[in-house]
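What the coordinates show
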Amino acid sequence: MLRSRLTFDQLVGRGVEYRGGDKTAVQGVKVDGICYCSQAICGNHIMRAGKHWTTFTGSFRFDHNQTVGVIRPLPGWEKRGLDKFSPGLSVFRQDLQQERTGKWGGDVHYCHIYTRIGACKWSDWEGQENDTHWEGRDDFDRDWTTLGMLLDLGNGTLSVYQSGRRLGTL
């Protein structure tokens, strides 16, 4: 059972802001006409076991670089003053490896899909970012307005849902 409402308490990079001051809603922004890769992280709710569901709502006009997914905790990263941030950029790999704790299990440290094209990327922050063609991607509606994700930590899976239907597992 969810104990607290999920909020995006960490905005990392210049290209993301709260929508209307609401910490449960974020939007990408251009700064001086430039799109910066940035992340909104829900770091106030650490998930260690069980199943966790979230729903993303948006517009079919999403930029091709917007992603949704899961990431390991990154405490304090919102205070670094970074212009841009994406967990797949090699420039951050060494710093991301330093975040490892003894509580981390498995070898996937972030996993996300590009909301415009349905591509899945993940990494263990040791090598290159991995691109996976996931079962269900061919049925991914690129003009979505509601996207569901189910993180099952017991099985180590992240499933994608659209229109109340499970498309597949990343």
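That block above? That's the structure.
Residue positions are given per chain, counting from 1 as you read along its sequence in written order. Given that this is a predicted model, residues contribute local features only at a pLDDT of at least 70 and side-chain atom pairs are listed and counted only at 80 or more, while totals for whole chains, interfaces and linings are drawn from all residues. Here the side-chain values reflect all heavy atoms present in the structure, with hydrogen atoms and water set aside.

Below, the discussion takes up the overall build of the protein. Going along the chain from the N terminus, every DSSP run of H or I of four or more residues is numbered as a helix, and every run of E of two or more is numbered as a strand. When helices and strands are counted, the protein shows one helix and 14 strands. Our radius of gyration looks at C-alpha atoms and nothing else; its globule reference is 2.2 Å times the residue count to the power 0.38. The C-alpha atoms of the protein give 15 Å as radius of gyration, which agrees with the globular expectation for 170 residues (15 Å, within 12%). Overall, the protein is about 40 × 40 × 35 Å in size when its C-alpha atoms are taken along their principal axes. Counting all 170 residues of the protein, 36% fall into the buried class. The criterion used for residue contact is that any of the two residues' heavy atoms lie within 4.5 Å. In the protein, of all internal contacts separated by at least 6 residues, the share reaching a separation of at least 24 is 56%. For the protein, the accessible surface area stands at approximately 10100 Å², while carbon and sulfur atoms represent 47% of it. Categorising residues by exposure relies on relative accessible area from a 1.4 Å probe, with only protein chains included: less than 20% of the type maximum marks a residue as buried, more than 50% marks it as exposed, and the intermediate range marks it as partly exposed. Note on areas: Shrake-Rupley, 1.4 Å probe, and residue coverage restricted to the protein chains presented here.

A pair of Phe, Tyr and Trp rings is counted when the ring centres sit within 6.5 Å of each other, with Trp represented by its six-membered ring. The angle between the planes then sorts it: under 30 degrees is stacked, over 60 is edge-to-face, the rest tilted. Applying the stated criterion to the full structure yields seven aromatic pairs. Note on Y110 and W125: the rings are 6.1 Å apart at their centroids and 25° apart in plane angle, and the pair reads as stacked. Residue Y110 is located in strand β9 (residues 110-114), and its partner W125 is located in the loop between β10 (120-123) and β11 (130-132); the two are separated by 15 residues in the primary sequence. A relative accessible area of 1% places Y110 in the buried class. A relative accessible area of 1% means that W125 is categorised as buried. R80 extends its terminal NZ or CZ atom over the ring of W77, reaching a point 3.8 Å from the ring centre. By definition here, charges over rings are those cases where NZ of Lys or CZ of Arg is within 6 Å of the ring centre and within 35 degrees of the ring normal.

Turning next to unusual backbone geometry. The backbone of D32 sits at a positive phi, close to 55°, despite the residue not being glycine. Here D32 lies in the loop between β4 (30-31) and β5 (34-35). In the Ramachandran plot, W125 falls in the positive-phi region, its phi being about 60° despite a non-glycine side chain.

Here, a salt bridge means any Lys or Arg side-chain nitrogen found within 4 Å of an Asp or Glu carboxyl oxygen. For the structure shown, the criterion picks out four salt bridges. Salt-bridge contacts for D83 lead to R14; the nearest nitrogen and oxygen are separated by 3.7 Å. In this pair, D83 sits in the loop between β8 (67-71) and α1 (93-97) while R14 sits in the loop between β1 (10-12) and β2 (16-19), placing the two residues 69 residues apart along the sequence. For D83, a relative accessible area of 40% puts it in the partly exposed group. Note that D131 and K121 form a salt bridge whose closest N and O atoms lie 3.9 Å from each other.

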